[in-house]
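# Structural features, examined
Chain by chain, the residues:
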Amino acid sequence: MASGDGIQIPSRLPLLLTHEGVLLPGSTVRLSLDSPRNMQLVSRRLLKGTSLKSTIIGVIPNTRDPEHDTDGLPPLHRIGTAGIAVQVVGSNWPKPHYTLLITGLCRFRVSVLLKERPFVLAEVEQLDKLEQYTSASSSSVEGDLGELSQKFYQAAVQLLGMLDMSVPAVAKFRRLLDSLPRETLPDVVASMIRTSNKEKLQVLDAISLEERFQKVLPMLTRQIEGLQLLQKSRKLSPDHEKRVLTGRRGGVFPGRQFNLDEEDEDEDGDDTAALERKIHGSNMPEAALRVCLKELKRLKKMPQSMPEFALTRNYLDLMVELPWNQSTKDCLDISAARTQLDNDHYAMDKLKRRVLEYLAVRQLKTSLKGPILCFVGPPGVGKTSVGRSIARTLGREFHRIALGGVCDQSDIRGHRRTYVGSMPGRIINGLKTVGVRNPVFLLDEVDKLGKSLQGDPAAALLEVLDPEQNHSFTDHYLNVAFDLSQVLFIATANTTGTIPPALLDRMEVLQVPGYTQEEKVEIAHRHLIPNQLEQHGLTPQQLLIPHDSTKDIVSRYTREAGVRSLERKIGAVCRAVAVRVAEAQKVPETPRSESSPPQDDKAAPPEMPIVIDHVALKDILGPPLFEMEVSERLTLPGVVLGLAWTPLGGEIMFVEASRTEGEGQLTLTGQLGDVMKESAHLAISWLRANARTYRLTNMVGGSDPLEGTDIHLHFPAGAVTKDGPSAGVTIVTCLASLFSGRLVRSDVAMTGEITLRGLVLPVGGIKDKVLAAHRAGVKRVILPKRNEKDLEELPANVRSDLDFVLTGNLEEVLNASFDGGFPGTSGRRSDPQLSSKL
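Now for a description of the structure that goes with this document. Only a predicted model underlies this, so the values are computations on that prediction, with no experimental measurement involved.

### Considerations on the overall build of the protein chain
Helices and strands together make up the secondary structure of the protein chain, namely 27 helices and 26 strands. Residues counted as buried form 48% of the 838 residues belonging to the protein chain. Counting only contacts in the protein chain whose residues sit at least 6 apart along the sequence, the fraction spanning at least 24 positions is 73%. As presented, the protein chain carries roughly 40900 Å² of accessible surface, and 50% of it is formed by carbon and sulfur atoms.

And the structure:
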């Protein structure tokens, strides 16, 4: 490469055809190569070469290599840049390509094209001296050219003075300006400042040094004037000025800087400065601020090409967006809150009272931790909607988190940032969404949380729902404490049986029972019917549903604790009426000839409003699904009506018994649990022990009811699993009816647990059970005496409609179950009370 005239490049060079940009002598660029000729050049020349000469190639700008080898070679630009390959990286995604890092050495002119395949090879003529880029001493530039170079140097120094020297690219620019000869400055400066491809081509084509200075000096002056104009219009931070050396995104080299320094070349100073201002203006606690500033410092030193750059930037964006101190002001007007709650929901007095109590305490004490409530009740009673109403009453933001089926604790606590695709948990995400630190969070279906190998989300909720801990809740993604004490958490559940005891202990449980028939009718006319009319495009002047018809829908077409089925039935009525109204709409009349006979007016407009009576209900909804009268099923001895509790509300349950000749075996059917089976054995044992007292006999008249007799107890429906102790009194009454041959009263329902001594113990779910009995038309309900306190929760109309018999032992149960009492119970002397001698 050395000769008498100085350092020379090879006379034959392989040519790299590129259209991405322009490589100038003294600059370093990164090129992506995927065309056939360029790929062959890299694989055959650069990767297989063993000498320094093999790493020198020619770069022809503004020339696109054809996609296929069969295509002819396009016209080549006459001037190119010889460069040395610094780095080659290959990749197969998304398609095979090479990434080449190359540094420009000098200009050359293509003399003769030697071959086109497998890559372009040409004989070239060197136009620049390589010594000017390798020698540290400045060459002598005299005369007019000397003045021009001095003017250019002063302009470059002026631009450098307007930039921030702490930026690595600016510091590198300063070192190059001091060390390189003056004649190399046009190429170096043109490659670093923001210029277009066309301007760079003009610089490349300038063979003489004077022409080169004249081409680049206006570009440098334009850059200085633009920066001065920006400084006059607004105060520029140093980070704004860094952008002068940043290449256009999506321009010549998408996503890259066009300068000599490959480190920190993608740093966007403007965004970083804005992010730093947001961090200082977010009013976050001192611990969180320290973490953010530490991460920001790492971000500034990190090139955007690193995968961790996006993770850190997303983390800082989340920290800035979290509402560390933003909150809404509570509406503390108790009378207005009471009116709002009454307008939104009918009944639910206990829930409304609890919200008003919270508002009253907030008036007296401003710094009050948010309560953690749990609404437990059957589906369709309005647990979720009342949570939304509470948020509206308080004037707070509302956010719902569905927990049904969640089986990963990371959904609550978030993922650690070491994982790919990590994100914060639902609590922190919800706070980011609402933008305030005191919203109302509804944790829906908290009783349906799952558990898996990824952890137990119910255990993760322990910290969230503990008032003594949630002031410093730590999400795995944030890794800093966040205060949740001002959040009003409301959880909903259908049953507390599946909620872990530790989690249940942290919540204030409020039972939301099912509605009575009168409450459903009122809810239908206040909320459901107007809502359905609006959804179906009807008006009250077109459809009228009287109270009697609504009561028929409630009692004969639905049997539920909530009002979802009722709303669907009302929607069916509205759709049927909408058909009639749409058919009666005025349509354009078609001309009819005089000879055509008049047709019957089948689509005559109905009279408005359309009133829905019992006949219309049957036409629209079909035959009634439920019958209120249950007496026809109690026509034989051995059939009794019991009361059961389910997560869907209370239900009535028939217990049937029959006996046949046999060996004294007891058969139980109906998907019964162990507790229910034990209750049946308890009932048999007590009845056999008291058979003589109550005159109970077997099929042949013997005193032992089981002697020579097999007993079969069945609990319809057979496909529904049943368990619990509250069927004890029902089983005793059923078997007593069977053994005595007497019918149980058809209007009696009962519930209660029994002991072997014949005592009746209290059970749960009394309100739901009594409401189920009231819906079924029962007149008398037999309850344990110790459940008397639960009757206070019942509506007044239910208490007045039903006859409650409170019993302490099975003798009282049997007396109340049969007309005229039960044989053997009257006149029976009580057992003498024995006093202890201890």
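### Quick look at the sheet that holds strand 26 (residues 803-807)
Taken in spatial order, the 7 strands line up as 20-21-19-18-22-25-26 in an open sheet, and their pairing is mixed. Each having just a single partner strand, strand 20 (666-669) and strand 26 make up the two edges of the open sheet. On average, each strand axis in the sheet is inclined to that of its neighbour by 25 degrees, with strand direction left out of account. Across 5 bridges, strand 25 (residues 780-784) lies against strand 26 in parallel orientation. What sits directly across from L783, in strand 26, is L806.

### Description of the sheet that holds strand 9 (residues 372-376)
Reading across the sheet, the 5 strands line up as 10-11-14-9-15 and stay open at both edges, with parallel pairing between neighbours. What marks the edges here is a single partner per strand, and that holds for strand 10 (398-402) and strand 15 (508-511). Pairs of neighbouring strands in the sheet enclose a mean axial angle of 20 degrees, with direction left out of account. Pairing geometry for strand 9 and strand 14 (residues 488-493), over 5 bridges, is parallel.

### A short note on the pairing of strand 3 (residues 12-17)
Of all 6 residues in strand 3, 5 are buried, a share of seventy percent or more. Where strand 3 meets strand 8 (residues 120-126), 4 bridges bridge the pair, whose relative direction is antiparallel. What sits directly across from R12, in strand 8, is E123. Two strands pair when backbone bridges link them, and strand 3 and strand 5 (residues 56-60) are joined in this way by 3 bridges, in the parallel orientation. When the sheet's bridge partners are listed, L15 is paired in strand 5 with G58.

### Describing the side chain of E295
If you trace the backbone, E295 turns up in helix 10 (residues 286-300). You can call E295 buried: its relative accessible area is 9%.

### Points about the packing of aromatic side chains
Per the counting criterion, the structure on display carries 5 aromatic pairs. Ring centres 5.8 Å apart and planes at 80 degrees place the aromatic pair F441 and F489 in the edge-to-face group. Placement of F441 in strand 11 (residues 440-444) and of F489 in strand 14 is noted, with a sequence separation of 48 residues between them. Residue F441 is classed as buried on the basis of its relative accessible area of 0%.

### Section: the environment of V675
The topology assignment puts V675 in helix 23 (residues 674-689). The partly exposed category is assigned to V675, whose relative accessible area is 35%. Separated by 47 residues in sequence, V675 and K722 place their C-alpha atoms 9.4 Å apart. Once you skip the residues sitting within four places of it in the chain, V675 turns out to touch D723, G724 and P725.

### Focus on the pattern of salt bridges
Taken as a whole and assessed by the stated rule, the structure comprises 32 salt bridges. One salt bridge connects R413 with E463, and the closest N-O pair in it is separated by 3.8 Å. Linking R413 in helix 15 (residues 410-413) with E463 in helix 17 (residues 457-464), this pair joins segments that are 50 residues apart in sequence. In this structure, R413 and E463 share a single accessibility class: buried. Between D803 and R780 there is a salt bridge, with its nearest N and O atoms 3.3 Å apart. Note that D803 is positioned in strand 26 and R780 in strand 25, a separation of 23 residues in sequence. Each of R107, D128, D187 and R212 takes part in one network of salt bridges that share partners.

Conventions adopted
- Going along each chain's sequence as written, the residues are numbered from 1 onward.
- At least 70 in pLDDT is required for a residue's local features to be given in this predicted model, at least 80 for side-chain atom pairs to be given and counted, and no such filter applies to totals for whole chains, interfaces and linings, which use all residues.
- Calculation of side-chain values draws on the structure's entire complement of heavy atoms; hydrogens and water are dropped beforehand.
- Strands here mean DSSP runs of E at least two residues long; helices mean DSSP runs of H or I at least four residues long; both are numbered from the N terminus.
- Burial here depends on accessible area, computed with a 1.4 Å probe over protein chains only, as a share of the maximum for the residue type. Under 20% is buried, over 50% is exposed, and the range in between is partly exposed.
- Contacts are residue-level and defined by heavy atoms, with any inter-residue pair within 4.5 Å sufficient.
- Values of accessible area rely on a 1.4 Å probe in the Shrake-Rupley scheme; residue burial ignores everything except the protein chains shown.
- Should DSSP find at least two bridges between two strands, the strands are regarded as paired.
- All axes are obtained by fitting lines to C-alpha atoms, using only the stretch in contact for helices, and the reported angles, taken between N-to-C directions, cover 0 to 180 degrees.
- The criterion for an aromatic pair is that two Phe, Tyr or Trp rings (for Trp, the six-membered ring) have centres within 6.5 Å, with stacked assigned to planes under 30 degrees apart, edge-to-face to planes over 60 apart and tilted to the rest.
- Just to be clear on terms, a salt bridge is a Lys or Arg side-chain nitrogen sitting within 4 Å of an Asp or Glu carboxyl oxygen.

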